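Residue strings, one per chain:
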Amino acid sequence: MKNFTIIFLVFLTLSIKGFSQWTVKTVPDPKTTGTGFVSNPDDILSKQELTYLDSIIKNAQDSSKAEIAIVILNSIGDEVPKTFANQIFNLWGIGNKETNNGVLILSVMDQRRIEFETGYGIEPILTDAKCFDIQQEFMVPRFKEGNYGKGIIDGTNEIVRILFGRTQDIKPTDLDYSPSAEQEIQRQNNFANNIHSNFYTRNKGSIIFYLVSGLFFILLFFIILILSFLNKDYFIRYQNMRLFRLYIWFILFPVPFIGIYLYVVRLTEKWRNTPRISAKTGLIMHKLSETEDDKFLKTGQLAEEKVKSVDYDVWISEEEGDILIQSYKRWFSKYSACPKCKFKTYYKVYDRVITPATYSSSGTGEKHYSCVNCGHSKTVRYTIPQKTRTSSTSSSSRGGGSSWSSGGSSSWGGGRSGGGGAGSSW
């Protein structure tokens, strides 16, 4: 069971995803980080691809009165890509504030999602349907092949091609413009549909993993339960099933593990209190109370019970010297086995800083350990690593600052989005 517990904990640890995730405020703005139009902080696109994209976007801006921004990220956590795109668009102000002619292309790799966000002035040209068609024809096939740079370039080229033929249709929009009721209802419906689609796409893998994991652990529970019933030793039965007494089961899998947990607690308590048969004499044994069993326990065992790291049951029969002592260790305790007396009464008294670390030198810390049972103690000194400075230079490097090519102004034009655009999964 000990080996199984280790495997289970490793499996549970590997199931938790932990990696860097971008937020709307931390995504590098290419107009402030460099002078380009593409935010590529995870270096998904090559320098050559960035240079090409910047050149065609700059040409489109000069020739068609449209401003295009591209953002490609590994992860935005559990954020909805459509909402994320809309927030970035309006935070940066992509497009001209008079014509609202901005276009944002967002790609989120872990959610396998492409989103277009368009300004009010560009919506009559790049309609939601047209945006979706561009994604499906020019981008999704390339993304499925893993050729993300080619997909971004092909999609951008198609947008630019469409805009070149419709420059006369990009006109100043009323700053107080509000769409008609029908248009607003349609936009809200499209937005809601995007959210629902994104939610399913984003969580599809997690949902499948969750269901498979739940079925696996339910099957494991029944296997161990059957094996436990086949064993005549009640103490071994208890140890086999104690894993399923952990609260984590009905936290992770409320259905059906709340019922399983309650059943296991009742069953294991019954097994723990069922009279034993002495292996020495064959006589029936009875369990002593917590006060009665103290005279049969060693000083170290009494110390373990006092700090609640281990609980002991003492069983005796009517024959003198016929004694059975069974131990029940706690799953989680600040106490560990003492190097000297071996009882689980050894703990860390303190962990303090002696000399703080600075930006020019390392520091020193001290940990002190002591045993409640035998009094054995130990003090350990350790080195605290020297502090490191984070500079805007390093931040820019992470954001791909060295990758931006020349072109464009130092800031966006102040445009706004009303939620137009489309999204596709690959």
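In this report, the structure presented in the accompanying data block is examined. Quick caveat: nothing in here was measured; it's all calculated off a predicted structure.

Moving on, we get to the nonpolar core. Ranked by internal contacts, the top residues of the largest apolar core, which has 50 residues, are Leu126 and Ile159. Aside from chain neighbours lying at most four places away, what touches Ile159 is Ile68, Val103, Ile105, Phe116, Leu126 and Ile134. Core analysis: the second largest hydrophobic core is formed by 16 residues, Phe221, Leu225, Phe253 and Trp271 among them.

Across a sheet, strands are paired by hydrogen bonds formed along the backbone, either parallel or antiparallel in direction. Spatial strand order, 9-10-11: three strands in an open sheet with antiparallel pairing. With partners counted over all chains shown, the strands left at the sheet margins are strand 9 (346-355) and strand 11 (377-384), one partner each. Here the strands of the sheet are splayed against their neighbours by 20° on average, with no regard to which way each runs. Bridge count between strand 10 (residues 363-371) and strand 11: eight bridges; the pairing is antiparallel. Paired with Gly363 across the bridge in strand 11 is Ile384.

On to unusual backbone geometry. Between Val255 and the following residue, Pro256, the backbone shows a cis peptide bond with an omega angle of 10°. The residue Pro256 is located in helix 10 (residues 254-273) in this model. In this structure, Lys308 takes a positive phi of about 65° despite not being glycine. Along the chain, Lys308 falls in the loop between helix 11 (299-307) and strand 7 (310-316).

A few words now on the pattern of salt bridges. Across all of its chains, the model carries 12 salt bridges by this definition. The salt bridge involving Glu117 is made with Lys82; its shortest N-O contact spans 2.7 Å. With Glu117 in strand 4 (residues 113-119) and Lys82 in helix 4 (residues 81-92), the pair connects residues that are 35 residues apart, well separated along the chain. A relative accessible area of 0% places Glu117 in the buried class. Note that Lys287 and Asp313 form a salt bridge whose closest N and O atoms lie 3.8 Å from each other. Separated by 26 residues along the polypeptide, Lys287 in strand 6 (residues 284-287) and Asp313 in strand 7 bring together distant segments of the chain. If you follow the salt bridges from partner to partner, you end up with Arg272, Lys287, Asp311 and Asp313 in one network.

Take helix 8 (residues 234-241) next. Every α-helix winds through 3.6 residues per turn, so residues three or four apart in the chain are directed the same way. Buried within helix 8 we find Phe235, Arg237, Tyr238, Asn240 and Met241. At the N-terminal end of helix 8, a side-chain oxygen is found 2.8 Å from the backbone nitrogen of Phe235, two or three residues along, and the residue is Asp233.

As a further point, take the pairing of strand 7. Counting buried positions along strand 7 gives six out of seven residues, so the element sits mostly inside the fold. Inspection of the sheet shows strand 6 paired to strand 7 by two bridges, in the antiparallel sense. Across the sheet, Lys287 pairs through a bridge with Trp315, a residue of strand 7. Connecting strand 7 to the antiparallel partner strand 8 (residues 323-329) that follows it, the hairpin turn spans six residues, and Gly321 within it adopts a positive phi of roughly 85°.

Conventions used here
Residues numbered from 1 in each chain as written. Predicted model: local features only at pLDDT ≥ 70, side-chain atom pairs only at ≥ 80, totals over all residues. Heavy atoms only, no water. Core = buried A, V, L, I, M, F, W, Y, C linked by side-chain atoms within 4.5 Å. Buried < 20%, exposed > 50% of the residue type's maximum accessible area, 1.4 Å probe, protein only. Contact = heavy atoms within 4.5 Å. Pairing = 2+ DSSP bridges. Helix = DSSP H or I, 4+ residues; strand = E, 2+ residues; numbered from the N terminus. Axes fitted to C-alpha atoms, helices over the stretch in contact; angles between N-to-C directions. Salt bridge = Lys/Arg side-chain N within 4 Å of Asp/Glu carboxyl O. Polar contact = N/O pair within 3.5 Å; in protein donor to acceptor, adjacent residues only side chain to side chain.

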